[in-house]
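# Notes for the structure review
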Amino acid sequence: MNINITKSQIKDAAQQAYDFASKVTGGENAHYIPYLANIDSNLFGLSVMLPDGYSVNLGDMSYKFGIESVSKVPTAILAMKQHSPEVVMEKIGADATGLPFNSIFAILLENHSPSTPLVNAGAISACSMVTPKGDSDAKWKAITDNITDLCGSAPELIDELYKSESATNFNNRAISWLLKNYDRIYDDTDMSLDLYTRQCSLGITTEQLAVMAATIASHGVNPVTGKRIFDAEISPKITTLIATVGFYQSTGNWLYTSGIPAKSGVGGGVLGVMPGLFGIAAFAPPLDDAGNSVKAQAAVKKFMEILGLGIMNGDHVTITD
């Protein structure tokens, strides 16, 4: 079955999804990071970006929230750019743990690798792989320049969030040194953890995240700048990682019910990639028990439902004016 979708339909679907999710309640802000606990829980934004640059932005789409675990996506891309997807597979892996994002037990079970760059252990390991080795400032520049390229505009470090995260990241400190014990940290351990903590503390908007998602969907070409950010071969690799572990232990349920690979963060953000078609992003602080935004999930699911789309449905889809 062929599906033809117009840009007008995309705009209408986004508005309907936003209106629907605006009424969704439930969940709580992340309380284990003091900064996040104090964010206005009523904030809500939704953005959609097509590969040709057409966009729809609704609500608080310009509010800069903590990118948190969504930052694992661009840094995984950076590691693939600098070393190749094959090296990332060898040094980190691509298996979902089936356990929470910050699981120490998962490292003990699979000490041969950190499993995937989209959980905390693998993301810290990915930060340690970023070149040039041993130079924190240069590595940080590489991480932020990469995110800027993917988004078409620069993120902004939220210093208060960075300090809050640094003061409470006890679990991640344990993860870092356990990885070091298994030779899965490829640079200075404390530096790698600090880089990971800092990247999680970047301020990002749904508008920027939708551009990032659309860059992945359009095989590495940024729809706003027209610049090729990464080789096309990386796009299916990162989309596969997102599809298999983007919502951690809830990923199967998410993909089954939404039909779109997506990555969440405890800052309330969700980034979704529909290969070849569009990128979508939503933000709302209250989270479910698995650490995923309740309202953002509802918005993305409703958007997909209205358009009748799903990555696994086998339909041939075209978008026209």
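The present account deals with the structure reproduced in this document. (Residues numbered from 1 in each chain as written. Predicted model: local features only at pLDDT ≥ 70, side-chain atom pairs only at ≥ 80, totals over all residues. Heavy atoms only, no water.)

### Details of the pattern of salt bridges
- As enumerated under the stated definition, the model contains 9 salt bridges in all.
- Close ionic contact of Lys163 with Asp159 constitutes a salt bridge, the shortest N to O distance being 3.2 Å. Here Lys163 and its partner Asp159 are both found in helix α8 (residues 159-168), 4 residues apart, which amounts to about one turn of the helix.
- Overall, the relative accessible area of 54% leaves Lys163 in the exposed class. (Salt bridge = Lys/Arg side-chain N within 4 Å of Asp/Glu carboxyl O. Helix = DSSP H or I, 4+ residues; strand = E, 2+ residues; numbered from the N terminus. Buried < 20%, exposed > 50% of the residue type's maximum accessible area, 1.4 Å probe, protein only.)

### A closer look at the pairing of strand β8 (residues 269-274)
- Within β8, 6 of the 6 residues are buried, leaving the element largely enclosed by the surrounding structure.
- Neither face of β8 is open: one carries Gly269, Leu271 and Val273, the other Val270, Gly272 and Met274, and all of them are buried.
- The loop that links strand β7 (residues 262-264) with its antiparallel partner β8 comprises 4 residues; one of these, Gly268, has a positive phi angle of about 105°.
- Bridging between β8 and strand β9 (residues 278-283) involves 6 bridges; their strand directions are antiparallel. Note on β9: the bridge partner recorded for Val270 is Ala282. (Pairing = 2+ DSSP bridges.)

### Brief notes about the pairing of β9
- Of all 6 residues making up β9, 6 are buried, and the element is well covered by its neighbours.
- The side-chain alternation of β9 yields two buried faces, one formed by Phe278, Ile280 and Ala282 and the other by Gly279, Ala281 and Phe283.
- Looking at chain direction, strand β2 (residues 45-49) and β9 are connected through 5 bridges and run antiparallel. Directly across from Gly45, in β9, lies its bridge partner Phe283.
- Connecting β8 to the antiparallel partner β9 that follows it, the hairpin turn spans 3 residues, and Gly276 within it adopts a positive phi of roughly 80°.

### Considerations on the sheet that holds strand β4 (residues 65-66)
- What the 3 strands build is an open sheet, ordered β4-β6-β5; its pairing is antiparallel. Sheet topology places β4 and β5 (156-157) at the edges, where each strand pairs with a single neighbour.
- As paired strands, β4 and strand β6 (residues 202-204) are joined by 2 bridges and run antiparallel to one another. When the bridges of β6 are listed, Gly66 appears paired with Gly203.
- Where helix α11 (residues 206-217) meets the sheet, it contacts β4 and β6, and its direction lies at approximately 90° from that of β6. (Contact = heavy atoms within 4.5 Å. Axes fitted to C-alpha atoms, helices over the stretch in contact; angles between N-to-C directions.)

### Comments concerning the packing of aromatic side chains
- Enumeration over the complete set of coordinates arrives at 5 aromatic pairs.
- Measuring from centroid to centroid gives 4.7 Å for Tyr18 and Phe44, while their planes differ by 5°, and the two rings are stacked. Remark: Phe44 occurs in the loop between α2 (34-37) and β2 and Tyr18 occurs in helix α1 (residues 7-22); sequence separation between them is 26 residues.
- Taken together, Tyr63, Phe65 and Phe283 form an aromatic cluster joined through their ring pairs.
- When the ring centre of Tyr186 is taken as origin, the NZ or CZ atom of Lys91, which lies over that ring, is 4.5 Å away.
- Lys302 extends its terminal NZ or CZ atom over the ring of Phe20, reaching a point 4.4 Å from the ring centre. (Phe/Tyr/Trp six-rings, centres within 6.5 Å; stacked < 30°, edge-to-face > 60°. Lys NZ or Arg CZ within 6 Å of the ring centre and 35° of its normal.)

### Some words on the packing of helix α9 (residues 170-181) against helix α10 (residues 189-200)
- Packing of α9 against α10 brings their axes to within 10 Å, and their N-to-C directions diverge by 135°. For the element pair α9 / α10, the angle class is oblique. By crossing handedness, the relation of α9 to α10 is classed as right-handed. Side by side, α9 and α10 meet where Asn172, Arg173, Ser176, Trp177 and Lys180 of the first sit next to Thr189, Asp190, Leu193 and Tyr196 of the second.
- Here the residues of the contact of α9 with α10 sort into 3 nonpolar, 3 polar and 3 charged. (Parallel < 35°, antiparallel > 145°, perpendicular 65-115°, else oblique. Left-handed = near helix turned anticlockwise from the far one by under 90°. Nonpolar A, V, L, I, M, F, W, Y, C, P; charged D, E, K, R; others polar.)

### Quick look at the nonpolar core
- By size, the foremost hydrophobic cluster in this structure holds 68 residues, and its most contacted members are Ile77, Ile143, Leu209, Ile216, Ile238, Ile242 and Leu271.
- Contact partners of Leu271, with chain neighbours within four places excluded, come to Val70, Leu209, Met212, Ala213, Ile242, Pro261, Ala262, Lys263 and Ile280. (Core = buried A, V, L, I, M, F, W, Y, C linked by side-chain atoms within 4.5 Å.)

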